[in-house]
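So you can see what is in the structure, the chains are spelled out below.
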Amino acid sequence: MIRVTVWNEFRHERIDPKVANIYPDGIHGAIAQYLRGLPEIEVRTATLDEPEHGLRDDVLNNTDVLIWWGHMAHREVSDEIVEKVHRRIVLDGMGLIVLHSGHFSKIFKLLMGTTCNLKWREAGEKERIWVINPGHPIAEGLGEYFELEHTEMYGEPFDIPQPDELVFVSWFKGGEVFRSGCCFIRGRGRVFYFRPGHETLPIYHDSNVLKVIGNAVRWAAPSKGPKPTFGNVRPLENL
Ligand code: ZN
């Protein structure tokens, strides 16, 4: 089983009726509901306003892949929890999937080491998401491209380090392009940034978007390689 925790700051859904109408169980609820229908995936959710943001040690230590959605409250995420999440990724190999406006989350910026800034526009325009790495496991089951009729635009340059693998590039009706599916290896951990989202649009009900998130969970799950030891060691042979 792959143990997934879907984390959401869960603020918009509680204060904006328009958002609550699209995501009555929260964005985390919509994503969790889809993942629960997949074989060999076990899902729990966690939100910002729970104690320790729902990411107690026992939760993190029993999470193989963490999915992260945040937008308006990145600054309220405690540095201590971010450090713990970072260690769990880099040292233990927990996977991380960062969605949409999570590009400005503390954990993503820490892992990238850049501003993670980008262009944006809220005009509800069409997005065409091209699969540019068709053999990649995150693209499994998709066509050459898929479309979202109404999206928020994110445009290049996206201030991130060169991704280790690039799976999707988006085209927007307004003319911009964007690296929408970026894979990074950080220590033992795999990190996937996936652009589509936005709280006032039903993006996380779209079947292609959900399929990508499910594929990304399987890709980001930790491998069962040896646990490294560091520091002063005895020789293996007689010296
Ligand atoms: Zn947005």
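Residues numbered from 1 in each chain as written. Predicted model: local features only at pLDDT ≥ 70, side-chain atom pairs only at ≥ 80, totals over all residues. Heavy atoms only, no water.

Visitor: Can you walk me through the pattern of salt bridges in this structure?
Guide: Summed over all chains, the structure comprises 16 salt bridges. A salt bridge links Glu 147 to Lys 126; its shortest N-O distance comes to 3.3 Å. One end of the pair, Glu 147, is in strand E6 (residues 145–155); the other, Lys 126, is in strand E5 (residues 119–131), with 21 residues separating them in the sequence. Among the ionic pairs, Arg 195 bridges to Glu 127, the shortest N-O distance being 2.6 Å. With a gap of 68 residues between them, Arg 195 in the loop between strand E9 (189–194) and helix H7 (207–220) and Glu 127 in strand E5 connect regions that are remote in the sequence. Across the pair, exposure class does not vary: Arg 195 and Glu 127 are buried alike. Within this structure, Arg 11, Arg 14, Asp 49 and Glu 76 form a network of salt bridges that share partners. (Salt bridge = Lys/Arg side-chain N within 4 Å of Asp/Glu carboxyl O. Helix = DSSP H or I, 4+ residues; strand = E, 2+ residues; numbered from the N terminus. Buried < 20%, exposed > 50% of the residue type's maximum accessible area, 1.4 Å probe, protein only.)

Visitor: Help me out: how do you make sense of the coordination of the zinc ion in this one?
Guide: Ideal values differ by geometry: the angle at a metal is 109.5 degrees with four tetrahedral donors, but 90 or 180 degrees with six octahedral donors. Protein coordination at the zinc ion comes from His 100 (NE2), Glu 152 (OE) and His 198 (ND1), with a distance range of 2.0 to 2.1 Å. Positions of the donor residues of the zinc ion, expressed as sequence spacing, correspond to H-x51-E-x45-H. Of the two residues, Glu 152 sits in strand E6 while His 198 sits in the loop between E9 and H7, which places them 46 residues apart along the sequence. Of the residues examined, His 198 reaches a relative accessible area of 2% and is grouped as buried. (Donors = N, O, S within 2.8 Å, 3.2 Å for Na, K, Ca; no water.)

Visitor: Before we go on, may I ask you to explain the pairing of E9 in this structure?
Guide: Regular strands place side chains that alternate from one sheet face to the opposite one. Among the 6 residues in E9, 5 count as buried, and that is most of the element. Note that strand E4 (residues 95–99) and E9 share 4 bridges and pair parallel. Bridge assignment links Val 98 to a residue of E9, and that residue is Tyr 193. As judged from the 6 bridges shared by strand E8 (residues 177–186) and E9, these two strands associate in the antiparallel manner. Counted as the bridge partner of Cys 182 is Tyr 193 from E9. Connecting the antiparallel pair E8 and E9 is a turn made up of 2 residues, with Gly 187 showing a positive phi of about 60°. (Pairing = 2+ DSSP bridges.)

Visitor: Just checking my understanding: could you explain the pairing of strand E7 (residues 165–172) for this structure?
Guide: Where E5 lies against E7, 5 bridges are found, and the strand directions are antiparallel. Looking across to E7, one finds that Ile 129 is bridged to Ser 170. Here E7 pairs with E8 via 6 bridges, running antiparallel. Within the sheet, the bridge partner assigned to Leu 166 lies in E8 and is Cys 182. The hairpin formed by E7 and E8 contains 4 residues between the paired strands, and Gly 175 there has a positive phi angle of roughly 115°.

Visitor: For this particular structure, what's the right way to read the nonpolar core?
Guide: The tendency in soluble globular proteins is for nonpolar side chains to be buried side by side. Ranked by size, the top nonpolar core spans 41 residues in total, and within it Leu 35, Ile 67, Phe 168 and Phe 192 carry the most contacts. With 7 residues, the top contributor of residues to this core is H7. Residues Ala 46, Ala 73, Met 112 and Tyr 154 belong to the second largest nonpolar core, which totals 33 residues. (Core = buried A, V, L, I, M, F, W, Y, C linked by side-chain atoms within 4.5 Å.)

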